[in-house]
Amino acid sequence: MITLSSDFGAPYPAAMKGVILQRVDPRLVDVSHEFPRQDVRAAAFWLREVLPWFPPAVHLVVVDPGVGTDRRALVVRAGDHALVGPDNGVLLPAARRLATASDAADGNGGDGEVEVFDYAYGDPASRTFHGRDVFAPAAAAVHEIGVDDLGAADRLTPTDEYEAVSFPDPSLDETGADGEVMVVDDFGNVVTNVPGETLADRVGDRIEVNGLDAPVVRAYAERAPGERLVTVGSHGNVEFAVNQGRGDEAFGLAPRDTVRLSW
Amino acid sequence: MITLSSDFGAPYPAAMKGVILQRVDPRLVDVSHEFPRQDVRAAAFWLREVLPWFPPAVHLVVVDPGVGTDRRALVVRAGDHALVGPDNGVLLPAARRLATASDAADGNGGDGEVEVFDYAYGDPASRTFHGRDVFAPAAAAVHEIGVDDLGAADRLTPTDEYEAVSFPDPSLDETGADGEVMVVDDFGNVVTNVPGETLADRVGDRIEVNGLDAPVVRAYAERAPGERLVTVGSHGNVEFAVNQGRGDEAFGLAPRDTVRLSW
Amino acid sequence: MITLSSDFGAPYPAAMKGVILQRVDPRLVDVSHEFPRQDVRAAAFWLREVLPWFPPAVHLVVVDPGVGTDRRALVVRAGDHALVGPDNGVLLPAARRLATASDAADGNGGDGEVEVFDYAYGDPASRTFHGRDVFAPAAAAVHEIGVDDLGAADRLTPTDEYEAVSFPDPSLDETGADGEVMVVDDFGNVVTNVPGETLADRVGDRIEVNGLDAPVVRAYAERAPGERLVTVGSHGNVEFAVNQGRGDEAFGLAPRDTVRLSW
């Protein structure tokens, strides 16, 4: 199985699929091709949340503002999964999450270590579409080689130097939390980096979000349509939403905005 | 085969696919993940029109404004098909259409009866994403069990109490019809609930739509680009359109608006 | 394998997939369903650029402003590929490109000749959705028959009269080039018909695009975010872009606009 993720819209992902299918015959599953364009951190966050739901697969990821420069291409082994994409940090949070889950499933007491390989990609056909010319062929090769044999593969060299993307840490105290907006989903729900556990004893309370008052609820529909609410989203993080409406508009928040929760 | 329908956009449908593929190995086909958000009636209409074109399948449907509340989860058997989704009415119009088609194909004189099961889903991981935590596992289970053996399945209890979604009936008379806009498609074509047969003898005539004059034609291109027209759409209903343009804008119509056709 | 391309958005492509899967069991790959609506030339351009990356397949293409009129349906054989769609020119540029590649791969000195068949489609169920009622069944039939046996197939009659779509030729001279915008991609990159080779010796130079000054670079990230640039895109043509921004807005250009490059 190969999953595909990018900020490409259409039809560029189809060219990647054609390139893969010229070489191998896996199931193909799109994760998204509508990641916010050139936003490595947002893609890294989404992939960390979505890829762990998949069975073992090769995950092709192309959110790549450095395309055509000398930035490297990486293949990352994470448990039974492999990730393929640019060396800009987009792969690592998902890889670590996958490796941790794999170690937990194996009961081997591992700490979610990943193996990172530099992929030597030579001189590709274009400098503007490495998804087609570099990463799709790499994903096909990784699929063919198999995740257990990456160490012996041509073109792959183990490396321990690679770019990281950092997610901000929230700051918690008695009176509230200072956090940041990680992503806004297609419903307009505002997903933060504040752990959902902070709300565990506050269901039914009202809290303030950057000074805006809203109740903590378990489910969107506990509020009337159009009303603001705070809840724990499916990522396990604090989320600001509007029942049957858009939380980003009602709370006036966008990705990377800072948020102060006061209780 | 499992089809997937939702109002999720991306990347949430990928999490549902991962959950399914952890369990079973069916063909997956997306119907749409761009149904109007939280609009159960629109999704019910689209599904009724699209699902009958499929061979036997499990249809996973998640348009679910009540997620996380105590609304039930349903599995509906309709001929050789099964539908899985929330108990808010979204499944039933498609299920009845599928069952009727199945009965007709079997020549058994059946009247399109469906079997509805309550699906006991326990305590899912989230209260905001039952697509991933309730319905995708249910669809995988239904795929594995098979539509003929649903009656003996764990977690499934036959029920004859479930939510309905009602489509309005048009009112027809000698001078015209009073109807309602069901959906607007991505071209901007305005699909009503008025049966196309009402136009059978009126091709070439001009009629009025809420006072706006337009000719009845068989094909969009019978009018010049940019011109208003009335035709019978692929759903068999009266449709307002503009050749190579947007009918919703030209006629000033949106879903749930009432329309008066005068001839 | 059957690929699907249209300007349908969702959920109409799903109806086409259902119709195909009622008949045959191929891999299905979406190329795009977001081609600019009713824009035959744009779709023809994209298909010419994307389809050659695929292994042998049947390519179902429905960008069809003449749906329901007496325009014909075509099946085109191009090497090991077949294309199915309306007779409005949308298939031919991709078909010729595929046939040329096939001849080159075979080393047979062929000149990329294609075989065009008229597909007799009778009286379809609708006059507004031939994707579902004409072209999807045709694609399924072509998949079943196989590209080598199209000549003997029912409903298919060889024809050498069919519509063409013409791409404008750029005009080049010592001081620059006059070209046209072919498409704008989802990043906002402006793809022209001017061959990339014209820039081969100009990397690092500044040129003018309709009077706007911009440097010629190899990769988007050679410029600071937000800055205009000119480069050779993945189609091999001259492209106007903004690093991490939208070239169409920065250069004030849209499809079919003329452009004067001065160096």
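Not measured: the values here are computed from a predicted model. (Residues numbered from 1 in each chain as written. Chains lettered and ligands numbered in written order. Predicted model: local features only at pLDDT ≥ 70, side-chain atom pairs only at ≥ 80, totals over all residues. Heavy atoms only, no water.)

Trainee: Would you mind going over the nonpolar core with me for this structure?
Mentor: A general feature of soluble globular proteins is that nonpolar side chains tend to end up buried together. Ranked by internal contacts, the top residues of the largest apolar core, which has 70 residues, are A:Leu60 and C:Leu83. Considering each element in turn, this core owes the most residues, 8 residues, to helix α2 (residues 40–50) of chain C. Excluding residues that lie within four positions of it along the chain, A:Leu60 makes contacts with A:Ile2, A:Thr3, A:Leu4, A:Ser5, A:Met16, A:Ile20, A:Val84, A:Phe135, A:Ala136 and A:Ala139. By size, the runner-up hydrophobic cluster in this structure holds 68 residues, among which are B:Val40, B:Ala44, B:Trp46 and B:Val183. (Core = buried A, V, L, I, M, F, W, Y, C linked by side-chain atoms within 4.5 Å. Buried < 20%, exposed > 50% of the residue type's maximum accessible area, 1.4 Å probe, protein only. Helix = DSSP H or I, 4+ residues; strand = E, 2+ residues; numbered from the N terminus. Contact = heavy atoms within 4.5 Å.)

Trainee: Looking at this structure, how should I read the domain arrangement of chain A?
Mentor: Interface size is commonly expressed as the accessible surface area that is lost when the partners come together. Residue and element names in this part refer to chain A. Per the domain assignment, the segments making up chain A are domain 1 (2–158) and domain 2 (171–262). Each side of the interface is counted separately: domain 1 has 6 residues, and domain 2 has 10 residues. Each partner contributes to the roughly 770 Å² buried at the junction of domain 1 and domain 2, and carbon and sulfur atoms together form 60% of this total. The largest share of the area that domain 1 buries against domain 2 comes from Arg-41, Phe-45 and Trp-46, three residues that together contribute 76% of it. Along the contact surface separating domain 1 from domain 2 lie 2 salt bridges. A salt bridge links Arg-41 to Glu-180, with the nearest nitrogen and oxygen atoms 2.8 Å apart. Linking domain 1 to domain 2 there are 2 residue pairs in polar contact (both at pLDDT 80 or more). (Domains from an automatic or database assignment. Buried area = accessible area lost by both parts, 1.4 Å probe. Salt bridge = Lys/Arg side-chain N within 4 Å of Asp/Glu carboxyl O. Polar contact = N/O pair within 3.5 Å; in protein donor to acceptor, adjacent residues only side chain to side chain.)

Trainee: What's the story with the sheet that holds strand β3 (residues 58–62) of chain A in this structure? I'm lost.
Mentor: To summarise the sheet geometry, strands pair through backbone hydrogen bonds and adopt either a parallel or an antiparallel arrangement. All names here are of chain A. The strand order across the open sheet formed by 7 strands is β2-β1-β3-β5-β4-β6-β7, and the pairing between neighbours is mixed. This sheet does not close on itself; its edge strands, each paired only once, are β2 (28–32) and β7 (156–158). The mean angle between the axes of side-by-side strands here comes to 25°, regardless of whether they run parallel or antiparallel. The pairing of strand β1 (residues 2–6) with β2 spans 4 bridges and is parallel. Within β2, the position partnered with Ile-2 by the bridge is Leu-28. (Pairing = 2+ DSSP bridges. Axes fitted to C-alpha atoms, helices over the stretch in contact; angles between N-to-C directions.)

Trainee: Help me out: how do you make sense of the environment of A:Leu47 in this one?
Mentor: Residue and element names in this part refer to chain A. Relative to the elements of secondary structure, Leu-47 occurs in helix α2 (residues 40–50). Residue classification places Leu-47 among the buried positions, given a relative accessible area of 0%. Taking the C-alpha atoms as reference points, Leu-47 and His-130, 83 residues apart in sequence, are found 20 Å from one another. Setting aside chain neighbours within four positions, we find Leu-47 in contact with Ser-5, Val-31, Phe-35, Pro-52, Val-61, Val-90 and Ala-94.

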